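Single-letter residue listing:
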Amino acid sequence: MQDLRDAVIATLIEQQQAGADLTVMVADSTSTSKIGPFEQAYPERVVNVGIAEQNMVGMAAGIALSGRTVFTANAAPFLFARSNEQMKNDICYSATNVKMLGLNAGFGYGPLGATHHCMNDIAIARTLGNLAVYAPADGRQAAEIVRHVIANPGPAYIRMDSDKLPLLHGDDYRLRPGQPEVLHEGTGSVVFCLGTLAHEAMKVLAMGDDPTVVSLPSLWPLDELAVVALMREHQRVITIEEHVLSGGLASIISELLLKHQLRQTFVPLGVPVYEFTHSSSRAALRQQYAIDAAGLHQQLNK
């Protein structure tokens, strides 16, 4: 069991020790980001701007122009709601070397309700331009994504979870940007998963279901022909995401179905459009929107 944030911070320390020139910026989010170990090792490389997300993003772009690789780490709903203009102009349009960690995305803040639920980050990120977009499913994958974005200059967004989760990948795992990752090869249906919902999809195997389970850690870049090849091999295509059903994973997959004129049955699972979520535990919210293992199991057996 590993928290994705722990894996990210350990990798930042590893990369700084290996010679990367890093700065990490937080917006009164030191505990949320779990930045403590990195700050203890490199106190001069952590900047806390307070509750001022727009300032954080603008300052991150400025520091990146000095030659450093800059990571921002704050709550995903506030990164996208408060800093959208700075993300667009200072980071994406200007192509500065800033990597944004969106913490507690999806229902990560559960009981805090709609103001803190981040249901549209992928939808916004896909429209900003010049921005790589990632959604790791476990800590090992998150660490590989961090290594990749450090080695490749330019803007990036990483959608982060806050739960402790088992590892889905072995010690020899290496990220292949853009490539869909088949976690289980089954028959009949193919399930494309956003981030940590891959764990819910894998649980249905113990319920007697046998779908092909695919993780998409890299939403952009994305090898669309590889995704299309997987869809062609199955009768039914299902997407499961802790995100609104507009602009996110369901939109990505449905656009490819239409573009390549595929006739597979398509079942999108997520939060309905034009609907505000409410305060509850993550488990209860996933159950409500049928994006847990039980909901997927029900769809697979219709």
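Refer to the preceding data block for the structure.
Residues numbered from 1 in each chain as written. Predicted model: local features only at pLDDT ≥ 70, side-chain atom pairs only at ≥ 80, totals over all residues. Heavy atoms only, no water.

Can you help me understand helix 13 (residues 293-300) in this one?
Residues lying three or four places apart along an α-helix face the same way, a consequence of the helix completing one turn every 3.6 residues. Looking only at helix 13, the buried set comprises Ala 293, Gly 295, Leu 296, Gln 299 and Leu 300. Take helix 13 and look down its axis: the buried residues cluster within an arc of 160 degrees, on one side only. Turning to helix 13, the residues buried within the fold contact strand 10 (189-193), helix 9 (197-203), strand 13 (236-244) and strand 14 (265-271). (Buried < 20%, exposed > 50% of the residue type's maximum accessible area, 1.4 Å probe, protein only. Helix = DSSP H or I, 4+ residues; strand = E, 2+ residues; numbered from the N terminus. Arc of directions from axis to C-beta. Contact = heavy atoms within 4.5 Å.)

Please clarify how the nonpolar core should be interpreted in this entry.
For soluble globular proteins, the rule of thumb is that nonpolar side chains tend to be buried together. Counting residues in each nonpolar core, the largest one holds 43 residues, and the members touching the most others are Tyr 157, Phe 192, Leu 216, Leu 219, Met 231 and Ile 253. Those residues in contact with Met 231 that lie beyond four places of it in its chain are Val 190, Phe 192, Val 237, Ile 253, Leu 256, Leu 257, Leu 262 and Gln 264. (Core = buried A, V, L, I, M, F, W, Y, C linked by side-chain atoms within 4.5 Å.)

Whenever I open this one, the sheet that holds strand 11 (residues 212-215) confuses me. Can you help?
Whether parallel or antiparallel, the strands of a sheet pair through hydrogen bonds between backbone atoms. Pairing within the open sheet is mixed, and its five strands lie in the order 9-11-10-13-14. Edge strands, defined here as strands with exactly one partner in the open sheet, are strand 9 (181-184) and strand 14. Pairs of neighbouring strands in the sheet enclose a mean axial angle of 25 degrees, with direction left out of account. Of the strand pairs in this sheet, strand 13 and strand 14 are connected by six bridges, and their pairing is parallel. Paired with Ile 238 across the bridge in strand 14 is Val 267. (Pairing = 2+ DSSP bridges. Axes fitted to C-alpha atoms, helices over the stretch in contact; angles between N-to-C directions.)

I tried to follow helix 7 (residues 121-128) on my own but got confused; where do I start?
Of the residues making up helix 7, those classed as buried are Asp 121, Ile 122, Ala 123, Ala 125 and Leu 128. Close packing links the buried residues of helix 7 with helix 5 (76-82), helix 6 (84-93), strand 6 (132-134), strand 7 (156-159), strand 12 (218-220) and strand 13. Following helix 7 by one or two positions, Gly 129 has its phi on the positive side, about 85 degrees.

Is there a simple way to explain the pattern of salt bridges in this structure?
In this structure the tally under the stated criterion is 19 salt bridges. The partner of Arg 45 in a salt bridge is Glu 44, with the nearest N and O atoms 3.9 Å apart. Overall, Arg 45 belongs to the buried group, its relative accessible area being 13%. A salt bridge links Glu 224 to Lys 259; the shortest N-O distance between them is 2.9 Å. With a gap of 35 residues between them, Glu 224 in helix 10 (residues 224-232) and Lys 259 in helix 11 (residues 249-259) connect regions that are remote in the sequence. By sharing partners, the salt bridges in this structure join Asp 161, Asp 163, Glu 200, Lys 203, Glu 242, Arg 282 and Arg 286 into a single network. (Salt bridge = Lys/Arg side-chain N within 4 Å of Asp/Glu carboxyl O.)

What is the right way to read the state of the cysteines from this model?
By definition, a disulfide is the covalent link that joins the sulfur atoms of two cysteine residues. Considering all chains together, one arrives at zero disulfides under this definition. With no disulfide of its own, Cys 92 lies closest to Cys 118 among cysteine sulfurs, the gap being 15 Å. (Disulfide = S-S within 2.5 Å.)

Can you walk me through the packing of helix 4 (residues 53-64) against helix 6 in this structure?
Packed helix pairs are characterised by how far apart their axes lie and by the angle those axes make with each other. Relative to each other, helix 4 and helix 6 sit at 5 degrees, their axes nearing to 9 Å. On the basis of the axis angle, helix 4 is roughly parallel to helix 6. Of the residues in helix 6, those touching helix 4 at Gln 54, Val 57, Gly 58 and Ala 61 are Gln 86, Met 87, Asp 90 and Ile 91. (Parallel < 35°, antiparallel > 145°, perpendicular 65-115°, else oblique.)

Honestly, the sheet that holds strand 4 (residues 69-75) in this entry has me stumped. Any pointers?
Across the sheet, which stays open at both edges, the seven strands sit in the order 3-2-4-5-7-6-12 with mixed pairing between neighbours. Whereas interior strands pair on both sides, the edge strands pair on one side only; in this sheet they are strand 3 (46-48) and strand 12. Sheet twist, expressed as the average angle between the axes of neighbouring strands with direction ignored, equals 20 degrees. Of the pairings in the sheet, the one linking strand 2 (residues 22-26) to strand 4 comprises five bridges and is parallel in character. Each residue of the ladder has a partner; that of Thr 23, found in strand 4, is Val 70. Along the sheet, helix 7 contacts strand 6, strand 7 and strand 12; its crossing angle with strand 7, the most-contacted strand, is approximately 165 degrees.

Any functional reading would require information that these geometric values do not contain.
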